[in-house]
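Spelled out, the chains give:
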Amino acid sequence: SLYFRELNDGLWFIIGDQERFTPASMRKVPMLIAILKQSERTPGLLGRKIAARLKRDHNAHQNIKPSQTLEPGGRYTVADQLLRMVAYSDNNAFMLLSGVVDQRELDRVYELLAVPNPSISNENRYFDVQTYASFLRILYNATYLTRELSDLALEILSRSEFTSGIVSGVPSNVAVAHKFGEHSEAGSDEKQLHDCGIVFYPRHPYLLCIMSKGTSFQYLDDTISAISRIIYSEVDSQHGNEH
């Protein structure tokens, strides 16, 4: 499935809008939004230090592992854990932040976009590509968080270590604020790989969200990269003379 939207003029199209996917690590974006919203009414929250004490390593089964991990027993600020959770896609940071977030705040983020809440949903595939893209739109438009916190969220997303997928389809000097997700279906050969982000093409930034299923992460990764390259080339052909 693919969703494209030029963010300044609103032109958009979608392919495969009826498909549903397991968001996996992409659930970290609603968590990021919820904690930043919580920090608006809880001064000092982002500077609060939390000890990295978990009963097991939640990164152990990741196919794409974070380059940096939390030291067991180390103390990290909430702001640092948000960066690790999103930029490094660290599942351990996600689990620690699950103990920080006000569940009511997280529920409100899902309710805002009428997205099935994974904390109460038994459905394994519950995200479609357009709905997920809405999380990024509210950050770009600063319609839920303050502009300062929306920009902070986008800055964290732009530091993602995952540089294949969408990022590999655009020039290195073009910023991309994005989040990927991967999932292996238990008991089958099915793999899922998703990448959704904002490509900051000069004066014409666009949102691109691609969700995919197949039998090989490498094939899915190459496909997302190829689609990203095609989209960027088309946008550039229309607006490149404006630079």
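Residues numbered from 1 in each chain as written. Predicted model: local features only at pLDDT ≥ 70, side-chain atom pairs only at ≥ 80, totals over all residues. Heavy atoms only, no water.

### Some remarks on the overall build of the protein
Assigned secondary structure in the protein consists of 7 helices and 7 strands. Secondary structure elements of the protein occur, N-terminal to C-terminal, as β-β-α-β-β-α-α-α-α-α-β-β-β-α. In terms of C-alpha radius of gyration, the protein reaches 17 Å, essentially the compact-globule figure of 18 Å for 243 residues. For the C-alpha atoms alone, the extent of the protein along its principal axes is close to 50 × 45 × 35 Å. Going through the 243 residues of the protein one by one, you find that 53% of them count as buried. Within the protein, contacts between residues separated by at least 24 positions form 66% of all contacts whose residues are at least 6 apart in sequence. When the accessible surface of the protein is split by element, carbon and sulfur atoms take 49% of a total near 11,300 Å². Of the charged side chains in the protein, 25 are positive and 29 negative, and the gap between their average positions amounts to 8 Å. (Helix = DSSP H or I, 4+ residues; strand = E, 2+ residues; numbered from the N terminus. Rg over C-alpha atoms; globule rule 2.2 N^0.38 Å. Buried < 20%, exposed > 50% of the residue type's maximum accessible area, 1.4 Å probe, protein only. Contact = heavy atoms within 4.5 Å. Areas by Shrake-Rupley, 256 points an atom, 1.4 Å probe, with all protein chains shown as cover. Lys, Arg positive; Asp, Glu negative; His and termini not counted. Charge placed at Lys NZ, Arg CZ, Asp CG, Glu CD.)

### What about the packing of helix 2 (residues 78-87) against helix 3 (residues 91-98)?
For the pair helix 2 and helix 3, interaxial distance at closest approach is 8 Å and the crossing angle is 135°. When the axes of helix 2 and helix 3 are compared, the pair comes out oblique. As helix 2 packs across helix 3, the resulting crossing turns out to be left-handed. Contacts from V78, Q81, L82, R84 and M85 in helix 2 reach A93, F94, L96 and L97 in helix 3. Its residues assigned to classes, the contact of helix 2 with helix 3 comprises 7 nonpolar, 1 polar and 1 charged. (Axes fitted to C-alpha atoms, helices over the stretch in contact; angles between N-to-C directions. Parallel < 35°, antiparallel > 145°, perpendicular 65-115°, else oblique. Left-handed = near helix turned anticlockwise from the far one by under 90°. Nonpolar A, V, L, I, M, F, W, Y, C, P; charged D, E, K, R; others polar.)

### Points about the state of the cysteines
Going through the model one piece at a time under the given rule, you end up with 1 disulfide. Here C196 is linked by a disulfide to C209, with a sulfur-sulfur distance of 1.8 Å. An S-S torsion of about 45° defines the bridge between C196 and C209 as right-handed. Linking C196 in strand 6 (residues 191-199) with C209 in strand 7 (residues 206-214), this pair joins segments that are 13 residues apart in sequence. An identical accessibility class is assigned to C196 and C209; each is buried. (Disulfide = S-S within 2.5 Å.)

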